[in-house]
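Residues per chain, in single letters:
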Amino acid sequence: MKIAILGAGAWGTALALAFAPRHALALWTFEAEHAAALRKDGENVRFLPGYALPAGLAIGSDIAVALKGADLAVIATPVAGLRATLGACIGLPVLWVCKGLEAGTGLLPHQVAADVVPAVRCGALTGPSFAEEVAKGLPTAITLASRDAAFARDMAQQLHGPRLRLYANDDIVGAEVGGAVKNVLAIATGICDGLGLGLNARAALMTRGLAEITRFGVALGAKQETFMGLAGMGDLILTCTGDLSRNRRVGLSLAAGRPLEAITRELGHVAEGVMTAREVALRAGKLGIDMPITQAVCAVLDGRLNAREAVDALMNRDPKAE
Ligand SMILES: NC(=O)C1=CN([C@@H]2O[C@H](COP(=O)(O)OP(=O)(O)OC[C@H]3O[C@@H](n4cnc5c(N)ncnc54)[C@H](O)[C@@H]3O)[C@@H](O)[C@H]2O)C=CC1
Ligand SMILES: O=C(CO)COP(=O)(O)O
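No experiment lies behind these values; they were computed from the predicted model shown.

How each quantity is defined
- Note that residues are indexed from 1 along each chain, following the sequence as it is written.
- In the order they appear in the text, chains get letters beginning with A and ligands get numbers beginning with 1.
- A pLDDT threshold of at least 70 governs which residues receive local features in this predicted model, and a stricter bar of 80 or more applies before side-chain atom pairs are shown or counted, although totals over entire chains, interfaces and linings include all residues.
- Using a C-beta atom placed from the backbone for every residue, we mark a residue as near a molecule or strand if that atom lies within 6 Å of it.
- Strands are runs of DSSP state E lasting at least two residues, helices are runs of H or I lasting at least four, and both sets are numbered from the N terminus onward.
- When residues are grouped by polarity, Ala, Val, Leu, Ile, Met, Phe, Trp, Tyr, Cys and Pro land in nonpolar, Asp, Glu, Lys and Arg in charged, and all others, Gly among them, in polar.
- Where each domain begins and ends is defined by an automated method or by a domain database.
- UniProt positions are given in the numbering used here, feature names are shortened, and annotations may be inferred rather than shown by experiment.
- Throughout, a pair of residues is in contact if the C-beta atoms placed from their backbones lie within 7 Å.

Now for the site of ligand 1. Of all residues adjacent to ligand 1, which total 27 residues, the nearest are Gly9, Trp11, Gly81, Cys98 and His269. Elements supplying a minimum of two residues to the shell around ligand 1: helix H1 (10–19) and helix H4 (79–86). Sorting elements by how many residues they give to the shell around ligand 1 places H4 first, with four residues. Here the shell around ligand 1 is composed, by residue class, of 14 nonpolar, ten polar and three charged. Counting only domains with at least three residues in the shell around ligand 1, you end up with domain 1 (2–170) and domain 2 (181–316).

In C-alpha cells:
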C-alpha cells in the first residue's frame, strides 16, 4: 500500500519506521520548518531522536502532495488536529491513532470522523504502544478498531508485521474510550506514585480506574469485554506504570507541586489526558456516571485541590460495594 502518515510527532514517526519495510510512505507535518529539519537531519530530532528515518520516506508539509496516490491515510496528530486533518482526506480510507476526546465538543475521534468524512471506511489504531519501543522494533500488540469489521480485518492483515501485531476489533467506542480515559488515569497514577503512596495504592487506583473507564464506556455503547483487552486494561497498565508515558510524567510533576503550565511547556509533547480529563468529566456528568478519580484529576489540573488534598478527598468518600 501507499500510506500517508499525517503528523510527524513521536508516534507518527515510530509508525513510519514500523510500516516502512512493507509499504511506500509519505510523512506530513503541518510545520514547513519541521519538514525541512526532518529531511536535513534524516531523523526526528524534535520528537523521536536517535532513529534514522526510513530510506525513501517522502517528507513534506503540503498535505495534498502527501495524499496523492495514497491508498490509506493514517492521522497521527493529537486530537486537537484531527478534525482539520480529516477534512483533507475526503474519500480516502483513514485510520487515526490519537487518544482523547475533542476539546469543546467532548466527541470521541470516530464521532469527529462521522461529522467530517461520514461515508469513508475508517477506524482507530490504539492499544499499549510507546513510540520509543516501536521505533526500537520491540514486540508490540495493538488493536485496529472499526465499526466496519471487514475493514478492520483487512487493515489489520495489511499493516500487521513481525514486531507490530495487530488485532481487529469492531467495538470502536470501547477501543477509543479505553485509549482516552487511560491517559487521565495515568495522570492520577503519576500523582499517586509521585506522592510516594505505595504499590497498594497504585493497584487500587488502576483497578478502580478500570471500573470507571468501563462504566463510562458501557454508558456510551461500548462492549464491556473490550476493556479487558489491549485497548483497555493493556494500555492502562502500560501508561500508568511506564515512565515513558507523558501523562504519567505530568502526574509525577503535579505531585511535586509544579504548575501545570510549566509542566506541559517543558514536556515538549502532547499529554492528551490534560484536555481529555475535563471533557470526560463533563460527558460523564451529563450521563450521570460516577467518575471520582477523573474528577479528582480535574480538581488538581484546575488548581482547585493540590495533589495531596485530591487523594484525601478520594479516600474519605463513603464506603461502597465494589
Ligand atoms: N507517543 C506515543 O507513544 C503514542 C501516542 N499516541 C497518540 O498519538 C497522538 C500523537 O502523539 P505523539 O506523536 O506522541 O505526539 P507528539 O507531541 O510527539 O507530536 C505531535 C505532532 O502533531 C503535530 N501537531 C500538533 N498539533 C497539530 C495540529 N493541530 N494539526 C496537525 N499537527 C499537529 C506536532 O507538530 C507534532 O508533529 C496523541 O493523541 C497520542 O495520545 C498513541 C499511541 C502511542
Ligand atoms: O498512548 C500511549 C501508549 O500506548 C502513550 O502514552 P503517553 O501519551 O502518556 O505517553
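Time to look at the site of ligand 2. As a matter of local geometry, ligand 2 sits amid Lys99, Pro128, Ser129, Phe130, Asn183, Ala186, Asp235, Leu238, Thr239, Ser245, Arg246 and Asn247. Secondary structure elements with two or more residues in the shell around ligand 2: helix H8 (172–194), helix H10 (230–241) and helix H11 (246–255). Looking at the shell around ligand 2 residue by residue, the class counts come to four nonpolar, five polar and three charged. Summarising the domain contributions, the shell around ligand 2 has at least three residues from each of domain 1 (2–170) and domain 2 (181–316).

Before going further, it helps to spend a moment on the UniProt feature "binding site: NAD(+)" (unreviewed entry) in the protein. According to UniProt, the "binding site: NAD(+)" (unreviewed entry) feature falls on Gly7, Ala8, Gly9, Ala10, Trp11, Gly12, Phe30, Ala131 and Arg246. Within the element layout of this structure, Ala8 appears in the loop between strand E1 (2–6) and H1. Beyond its immediate stretch of four places on either side in the chain, Ala8 contacts Thr13, Leu27, Trp28, Thr29, His34, Leu38, Asn44 and Phe47. Summarising the element assignment, Ala131 is placed in helix H6 (residues 131–136). Sequence-distant contacts of Ala131, defined by excluding residues within four places in its chain, comprise Ala10, Trp11, Ala14 and Leu48.

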